[in-house]
There are 2 protein chains.
Amino acid sequence: MATIKDLAKLAGVSVTTVSRVLNDHPYVSKEKRKLVLEAIEQTKYEKNVNAVHLKTGRTQLVGVVLPFSDHPYFAQLLKGIAKQAFKHNYKLVLIQTDYQEKREKEALHMLRQKQIDALIICSRSCDLDLITSYTLYGPIVVCEKVHGDKLSSAYIDHYQAFQSALAYLYETGHQKIGYSVSRLDGTSSKERAAAYRDFLAAKELPCRLDYVFDKMLYFEDGETMVTQLKQMEDPPSALIITNDQVAAGVMTCAGRVGINIPEKLAIIGFDDHPMAQMMGISSMHIPLEEMGEHLFKQALGKESKDKVFHATLIKRETV
Amino acid sequence: MATIKDLAKLAGVSVTTVSRVLNDHPYVSKEKRKLVLEAIEQTKYEKNVNAVHLKTGRTQLVGVVLPFSDHPYFAQLLKGIAKQAFKHNYKLVLIQTDYQEKREKEALHMLRQKQIDALIICSRSCDLDLITSYTLYGPIVVCEKVHGDKLSSAYIDHYQAFQSALAYLYETGHQKIGYSVSRLDGTSSKERAAAYRDFLAAKELPCRLDYVFDKMLYFEDGETMVTQLKQMEDPPSALIITNDQVAAGVMTCAGRVGINIPEKLAIIGFDDHPMAQMMGISSMHIPLEEMGEHLFKQALGKESKDKVFHATLIKRETV
DNA sequence: TTGAAAGCGCTAACAT
DNA sequence: ATGTTAGCGCTTTCAA
């Protein structure tokens, strides 16, 4: 495999000149440039990027931390990230964590080791302080509201989103409202819980802890939820559901056990996935792809440190 | 940021000794090791992996080429790949191509530039010969049957899978069988087409080109398919569908327009996704995750060059 | 406009 | 068991 040294020798110029040609620098005469180009052609020369990485200290690689890549929510986010990465000629290193702290730490470690230029954390298990401490080694972007100016962030205002879903259900006559989340200790779940609590308090409704369903993430979880619902003596009349996949699952199973939607049970999903549109499921639209694009631009320092996205209610036939 | 030189100075040893400690090599006395370890601690030293990459010529990075990361089929495959990557302490560079040749070439280029140690191509648009020519620069694994010994491959025997689905439908009394694919010019679609043709010929059934549906990939495509079906004068009585997502979409929409499943239309999906299980959709089970794991091991040269996986029919309630 | 030379931070052959 | 040293292939400063 040829190196610039070989090219230099072959073209009868210095390595500096070769490097200049390679990097489109000025101050190279037409003749020498041509000579170098010919040498490149002849030897089928290809740059060893690792040398460049060592020299420049950058790799054109951005790490993306996410718990699962097989969920439409993260897949959509990833799509936006990938779009901008491609645009800026960066590649993405995928770090699937399954919410294992160990794996998140590996990602942070890669930043520290300079294997990646920046890190995007779509969802985390690690402590925020730990993550923040790694900003010393490169830009880190997270998907939640943060304090301080070390981390960049782009996130959904889940509190507000949840409030508007609640308000809508309340307006349409529901008083027994429940909801589901993917993991109770997640950041967005906490916001949802706060919105729920505050809303119930404002309307002087009782807070029903049995109306909160945990571990609902995939389509098939909808079945579990319907089963649980069926066993309740006093089930909710409306549900705000983790995402459209679970909502679709609920929708699919509910009919079988005689739970008619929306008569007996109103549901609102999240994300406004094409699936929700097709099935006529009311949903909170979230600009996931746009958010993903923003995340990447932030990782490159090309955007403001802080960006909130708002969800909007899409009314369909399930409320 | 400290370097091994700094450590050497601080610990009063040579860089070699430091390097040995860093890489767990033998021949370092307990005392010196301790000294080095202390220096590491003190300086919060971290290896610059780019230097290692340059020196060793390897990056512990494997590229994964796939058209979309937001489809369950590829997400599942990716899961298996990621599992093994983690096990072997490799990271994955994700290259989403949208089936654009330009992007696939970028991936090949990364291999050539030594930015990745190996490349896994889950689905391609590029010419196989072009891909093969890059094996010069590192191992490449693809998901289809190949000739020659340059490329490794792990793949589903789609011909056989399709034949058994057809046989099953035929046995249950269907003569008007149609099918759908995601893209007609894809490798697996060609195998399916061959199986279809051969089967019809064997049973002396007419080959109905209007029974072949293209561009069916996502859940929401099921709606399109049902619409098309509804407009046909002489629609098929059974369908072998691209994958379980589309099958679920068909299932969801069919009822609305009076197409009862399986009475009026029998369907068989592919992949045996949890969704199919939940909805009672008959499906061809494919060991996707296992295949993903295999792909990665092949990329590392730890497995045979060639591996066929077989699909198995899971009978549920849609036939 | 060109080139010599000094690294980037690490590994490993070789010498001791 | 330990150290010296020569690179890995490139970029970039500095001098010409």
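None of the values given here were measured: they were computed from a predicted structure.

**Q** Just checking my understanding: could you explain the side chain of E144 of chain A for this structure?
**A** Residues and elements named next belong to chain A. Relative to the helices and strands, E144 is located in the loop between β4 (140-142) and β5 (152-156). A distance of 3.2 Å separates a polar atom in the side chain of E144 from a polar atom in the side chain of T187. Non-local contacts of E144, meaning those with residues more than four positions away in its chain, are made with R124, L128, S153, A154, Y155 and T187.

**Q** When you look at the interface of chain A and chain B in this model, what are you seeing that I'm missing?
**A** Many analyses report the size of an interface as the accessible area lost when the parts associate. The interface is formed by 48 residues belonging to chain A together with 48 residues belonging to chain B. Roughly 4700 Å² of surface becomes buried between chain A and chain B when both sides are summed, with 62% attributable to carbon and sulfur atoms. For the chain A face of the interface with chain B, the top three residues by lost area are N50, F86 and M278 of chain A, together amounting to 15%. Seen at the junction of chain A and chain B, the total is six salt bridges. In this structure, the salt-bridge partner of D70 of chain A is K79 of chain B, at a minimum N-O distance of 3.8 Å. For the side of chain A that touches chain B, the secondary structure elements donating two or more residues are α4 (49-56), α5 (72-87), β2 (91-96), α6 (101-112), α11 (244-254) and α12 (274-279) of chain A. Among the residues forming the side of chain A that touches chain B, the class breakdown is 22 nonpolar, 12 polar and 14 charged.

**Q** What's the story with the UniProt feature "domain: HTH lacI-type" (unreviewed entry) in chain A in this structure? I'm lost.
**A** Per the UniProt record, "domain: HTH lacI-type" (unreviewed entry) is found at residues 2-56 of chain A. Note that residues 2-56 of chain A is 69% helix and 0% strand, and that its end C-alpha atoms are spaced 21 Å apart.

**Q** I tried to follow the domain arrangement of chain A on my own but got confused; where do I start?
**A** Split by domain assignment, chain A resolves into domain 1 (4-56), domain 2 (61-156 + 289-309) and domain 3 (158-288). Between the C-alpha centres of domain 1 of chain A and domain 2 of chain A there is a distance of 35 Å.

**Q** Explain the sheet that holds strand β7 (residues 212-213) of chain B to me, please; I cannot follow it from the model alone.
**A** Hydrogen bonding along the main chain pairs the strands of a sheet, whether they run parallel or antiparallel. Residue and element names in this part refer to chain B. Spatially, the six strands line up as an open sheet ordered β7-β6-β8-β9-β10-β12, and their pairing is mixed. Looking along the sheet, the strands with just one partner apiece sit at the ends: β7 and β12 (312-314). On top of the sheet, helix α8 (residues 158-171) reaches β6 (177-180), β8 (238-240), β9 (266-271), β10 (283-285) and β12; it is set at about 160° to β9, its chief contact.

**Q** Would you mind showing me how to read the protein's contact with DNA strand C here?
**A** Around DNA strand C, 23 residues are found, and the nearest of them are T17, Y27 and S29 of chain A together with I4 and Y45 of chain B. Atoms of DNA strand C within 4 Å of the protein belong to the sugar or the phosphate in 57% of instances, the rest to bases. A distance of 2.8 Å separates a base nitrogen of DNA strand C from a polar atom in the side chain of K55 of chain A. Within the contact set of DNA strand C, a phosphate oxygen lies 3.2 Å away from a backbone nitrogen or oxygen of N48 of chain B. Of all the secondary structure elements, the ones that give two or more residues to the surface near DNA strand C are α2 (15-22) and α4 of chain A together with α2 (15-22) and α4 (49-56) of chain B. Ranked by residues supplied to the surface near DNA strand C, first place goes to α2 of chain A with four residues. Looking at side-chain class alone, the surface near DNA strand C contains nine nonpolar, nine polar and five charged residues.

**Q** Help me understand helix α3 (residues 30-43) of chain B in this model?
**A** Each turn of an α-helix holds 3.6 residues, which means side chains three or four residues apart point in the same direction. Residue and element names in this part refer to chain B. Taking 1.5 Å per residue as the helical rise, α3 with its 14 residues ought to reach 20 Å, and the 20 Å between its terminal C-alpha atoms agrees with that figure. On its buried face, α3 sits against α1 (4-11) and α2. Residue K44 follows α3 closely and has a positive phi angle near 55°.

**Q** Looking at this structure, I do not really get the protein's contact with DNA strand D. What am I missing?
**A** As a structural note, the neighbourhood of DNA strand D is formed by 23 residues, with I4 and Y45 of chain A together with T16, Y27 and S29 of chain B the closest of them. Restricting the count to atoms of DNA strand D within 4 Å of the protein gives a sugar and phosphate share of 58%. Contact between DNA strand D and I4 of chain A: a phosphate oxygen at 2.6 Å from a main-chain N or O atom of the residue. Between DNA strand D and K55 of chain B there is a distance of 2.8 Å, counted from a base nitrogen to a side-chain nitrogen or oxygen. When contributions to the surface near DNA strand D are tallied by element, the ones reaching two or more residues are α2 and α4 of chain A together with α2 and α4 of chain B. Residue classes in the surface near DNA strand D are distributed as nine nonpolar, nine polar and five charged.

Rules behind the numbers
Note on numbering: residues in each chain are counted from 1, in written sequence order. In the order they appear in the text, chains get letters beginning with A and ligands get numbers beginning with 1. Residues qualify for local features only when their pLDDT is at least 70, as the model is predicted, and side-chain atom pairs are given and counted only at 80 or more; totals for whole chains, interfaces and linings, by contrast, use all residues. Side-chain measures here rest on the full set of heavy atoms in the structure, leaving out hydrogens and waters. A run of H or I in DSSP counts as a helix once it spans at least four residues, and a run of E counts as a strand once it spans at least two, with each numbered from the N terminus. The term polar contact refers here to a pair of N or O atoms within 3.5 Å; inside protein, the definition further demands a hydrogen-donor-capable atom paired with an acceptor-capable atom, and it admits residues adjacent in sequence only when both atoms are side-chain atoms. Whether two residues are in contact is decided by their heavy atoms: any pair within 4.5 Å suffices. Values labelled buried area give the accessible surface lost by two parts on being combined, using a 1.4 Å probe and summing over both. By salt bridge we mean one thing: a side-chain nitrogen of Lys or Arg within 4 Å of a carboxyl oxygen of Asp or Glu. Nonpolar residues are Ala, Val, Leu, Ile, Met, Phe, Trp, Tyr, Cys and Pro. Charged residues are Asp, Glu, Lys and Arg, and all others, Gly as well, are polar. UniProt positions are given in the numbering used here, feature names are shortened, and annotations may be inferred rather than shown by experiment. Delimitation of the domains relies on an automatic or database domain assignment. What makes two strands pair is DSSP finding at least two bridges between them. For helices, the fitted line uses only the C-alpha atoms of the stretch in contact; every axis is such a line through C-alpha atoms, and the angle between N-to-C directions lies from 0 to 180 degrees. One heavy atom within 4 Å of a molecule or strand makes the whole residue count as near it. Helices are assigned an expected span. That span is 1.5 Å times one less than the residue count.

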